[in-house]
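The chain contents come next:
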Amino acid sequence: MLDVAVIGAGPVGIACAAECARRGLRSALIDRGCLCAALYRYPTYMTFFSTAERLEVAGLPFPSVNAKPTKHEALQYYRSVASAFPIDLHLYQAATAIGGTRDDFTVTTERQDLRARRVIIATGFFHRPVPLAIPGADSPAFSHYFVDGHPYAGQDLIIVGGANSAVIAALECWRMGARVRIIHRDADFYPGVKYWLLPDIRNRIAEGAISVEFNTKLTAFADHSASLQSGERRWSVPADFVLALTGYRADHSWIQSLGIALDEHHAPQVDESFESPHRPGISLAGCALCGDDTSSIFIENGREHAVVIADRLQADLRQ
């Protein structure tokens, strides 16, 4: 039997499993995809906003040749953390249920049942985009994820959204030769857009390199055309591709189905060491705690949950 089964193999999940393993607990990582599946789907040339030091977990240094590490440096680092400790990996198999009680849980995955004395849920939300329910959203030319600007070179590209992801995608795709038009339902970009991105995007708009339609919605996409609406005005513009970068949501229903109570903002109710009082023996970490506020928890503060949880489990399981 495992001491700890961690559901979610992102940076915080890896931190939880590694912190438990370095305390002598037999730990496993379970994920529906690969290690750091969300990070793997980030833009190819993404640079973190945080320094390498603030992304470190389990006491292992994060070497980086840059002031702020790249996506590929982060993937290499978190792979090295997962391999530095005796952690059982159960990847490409989603956890579908957690049965049993404290000291004898059964985690059911798509392939097998795993028994564990404790369970940590460290799932994210990047696999669940906020849907844009319009005609054409099922087209292969419509996506909620931006990886690389190269495919859009020489193409008419609609980017829906006004936060960091939309701004980064717009600038990169324009620099790779796309004809970019941003569609945003609000009157201006999201106030939280990073300060060094705003002058760049505003200058590109001012010079006419990138188009923007504020207070506007995308209402349909088909036949290389996008239908737009702003108030009573409706019109169409050329569009070969659409990137709907409209955000992502956590799966509140799955956590609630496990008997874990949520507050009015869909955040799990936990004690000071992040254990559910309604399902003793199950702890939550990282974005699994964020509820509706998906911007409140990230690697920098989520990694701290791993230390608190591992300290408690060491005291509980090694008495």
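Scroll up a little and you will see the structure.
Residues numbered from 1 in each chain as written. Predicted model: local features only at pLDDT ≥ 70, side-chain atom pairs only at ≥ 80, totals over all residues. Heavy atoms only, no water.

Peer 1: Can you walk me through the pattern of salt bridges in this structure?
Peer 2: As a working rule, side chains carrying opposite charge can pair if their charged atoms are close by. The tally for this structure, following the rule as stated, stands at 19 salt bridges. Across the pair Asp88 and Arg26 runs a salt bridge, and its minimum N-O distance is 3.1 Å. Placement of the pair is Asp88 in strand β3 (residues 87–90) and Arg26 in the loop between α1 (11–21) and β2 (27–30), with a sequence separation of 62 residues. Exposure remark for Asp88: the relative accessible area of 26% places this residue in the partly exposed category. By relative accessible area, which is 44% here, Arg26 ends up partly exposed. In this structure, Asp156 engages Arg179 in a salt bridge whose closest nitrogen and oxygen atoms are separated by 2.8 Å. (Salt bridge = Lys/Arg side-chain N within 4 Å of Asp/Glu carboxyl O. Helix = DSSP H or I, 4+ residues; strand = E, 2+ residues; numbered from the N terminus. Buried < 20%, exposed > 50% of the residue type's maximum accessible area, 1.4 Å probe, protein only.)

Peer 1: Is there a simple way to explain the sheet that holds strand β10 (residues 211–213) in this structure?
Peer 2: Hydrogen bonding along the main chain pairs the strands of a sheet, whether they run parallel or antiparallel. If you trace the five strands from one edge of the open sheet to the other, you get β7-β14-β8-β9-β10, paired in parallel fashion. Among the strands making up the open sheet, the edge pair consists of β7 (142–143) and β10. (Pairing = 2+ DSSP bridges.)

Peer 1: Hey, could you run me through the pairing of strand β4 (residues 95–101) in this one?
Peer 2: Consecutive residues of a regular strand have side chains that alternate between opposite faces of the sheet. Bridging between β4 and strand β5 (residues 104–109) involves six bridges; their strand directions are antiparallel. Among the inter-strand pairings, Gly100 is bridged to a residue of β5, identified as Phe105. Between β4 and β5, which pair antiparallel in sequence order, lie two residues; one of them, Asp103, sits at a positive phi of approximately 80°.

Peer 1: I would appreciate a short explanation of the pairing of strand β9 (residues 179–183) in the present structure.
Peer 2: Across five bridges, strand β8 (residues 156–160) lies against β9 in parallel orientation. From the neighbouring strand, Asp156 faces β9, where its bridge partner is Arg179. Handedness of the β8-helix α4 (residues 164–175)-β9 crossover: right-handed. Judged from the three bridges that link them, β9 and β10 form a sheet pairing that is parallel. Bridge pairing links Ile183 to Glu213 in β10. (Right-handed = clockwise from strand over helix to strand, strands pointing away.)

Peer 1: Sorry if this is basic, but what is going on with a nonpolar patch on the surface here?
Peer 2: There is a patch of nonpolar side chains on the surface, built from Phe49, Tyr195 and Trp196 and spanning about 360 Å² of accessible area. Tracing the sequence through the fold places Tyr195 in the loop between β9 and α5 (198–206). (Patch = residues over 30% accessible without salt bridge, like charges linked within 9 Å, V, L, I, M, F, W, Y side chains within 5 Å. Areas by Shrake-Rupley, 256 points an atom, 1.4 Å probe, with all protein chains shown as cover.)

Peer 1: What is the right way to read the packing of aromatic side chains from this model?
Peer 2: Two numbers describe a pair of aromatic rings. These are the distance of the centres and the angle of the planes. Scanning the model with the defined rule gives eight aromatic pairs in all. Here the aromatic rings of Phe62 and Tyr77 are separated by 4.4 Å at their centres, their planes lie at 5°, and the arrangement is stacked. One end of the pair, Phe62, is in the loop between α2 (37–40) and α3 (71–84); the other, Tyr77, is in helix α3, with 15 residues separating them in the sequence. Look at Tyr77 and you get buried, because its relative accessible area is 3%. Ring geometry for Tyr195 and Trp196: centres 4.8 Å apart, planes at 90°, overall edge-to-face. Through a chain of ring-to-ring contacts, three or more aromatic side chains come together here, namely Phe49, Tyr195 and Trp196. Just above the ring of Trp235 sits the side chain of Arg233; from NZ or CZ to the centre is 3.6 Å. (Phe/Tyr/Trp six-rings, centres within 6.5 Å; stacked < 30°, edge-to-face > 60°. Lys NZ or Arg CZ within 6 Å of the ring centre and 35° of its normal.)

Peer 1: Explain the sheet that holds strand β13 (residues 233–238) to me, please; I cannot follow it from the model alone.
Peer 2: Reading across the sheet, the three strands line up as β11-β12-β13 and stay open at both edges, with antiparallel pairing between neighbours. What marks the edges here is a single partner per strand, and that holds for β11 (217–222) and β13. Each strand of the sheet is rotated relative to its neighbour by a mean of 25°, with strand direction disregarded. (Axes fitted to C-alpha atoms, helices over the stretch in contact; angles between N-to-C directions.)

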